[in-house]
Amino acid sequence: MDVSSTTLDGVIAVVVETLGIEGRELDASTPLFGAMPELDSLAVLSLATALEDRFGFEIDDEDFTGDVFETVGSLAEFVEQQRS
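Residues numbered from 1 in each chain as written. Predicted model: local features only at pLDDT ≥ 70, side-chain atom pairs only at ≥ 80, totals over all residues. Heavy atoms only, no water.

## Digging into the packing of helix α2 (residues 41-55) against helix α3 (residues 72-83)
The interhelical angle for the contact between α2 and α3, taken along N-to-C directions, is 45°, at an axis separation of 11 Å. Considered as vectors, α2 and α3 are oriented oblique to each other. Remark: the crossing between α2 and α3 carries right-handed chirality. Judged by residue contacts, L47, L51 and F55 of α2 engage L75, V79 and R83 from α3. Per-class residue counts for the contact of α2 with α3 are five nonpolar, no polar and one charged. (Axes fitted to C-alpha atoms, helices over the stretch in contact; angles between N-to-C directions. Helix = DSSP H or I, 4+ residues; strand = E, 2+ residues; numbered from the N terminus. Parallel < 35°, antiparallel > 145°, perpendicular 65-115°, else oblique. Left-handed = near helix turned anticlockwise from the far one by under 90°. Contact = heavy atoms within 4.5 Å. Nonpolar A, V, L, I, M, F, W, Y, C, P; charged D, E, K, R; others polar.)

So, in structure tokens, the structure goes:
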């Protein structure tokens, strides 16, 4: 699935703001969970809430798997799927 640059840019902005990692360069291939120390279980919940607020959807717990947080790109794909 191709993710729109608007969605990807929005997801990057939410990740940077939620995790407080301003100044770090992120792109679709940036690894997340397990590779980014700021992204712990509490940060995942904060990130989920911030994504719901920014993009106007609600996340079902069963859809919210570890695969979603593999990379910035996989997170952006998830957001795009939730919005359609």
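## Some points on the nonpolar core
In terms of nonpolar packing, the biggest core is built from 27 residues, with V11, V15, L39, L51 and L75 touching the most fellow members. Among the elements that take part in this core, helix α1 (residues 5-19) stands out by supplying seven residues, more than any other. Those residues within four positions of V15 in sequence are excluded, and the remaining contacts are I21, L26, L32, L47 and L75. (Core = buried A, V, L, I, M, F, W, Y, C linked by side-chain atoms within 4.5 Å. Buried < 20%, exposed > 50% of the residue type's maximum accessible area, 1.4 Å probe, protein only.)

## What to know about the side chain of T71
As for its placement among the helices and strands, T71 is situated in the loop between α2 and α3. From its side chain, T71 meets the backbone oxygen of A28 in a polar contact 3.5 Å long. (Polar contact = N/O pair within 3.5 Å; in protein donor to acceptor, adjacent residues only side chain to side chain.)

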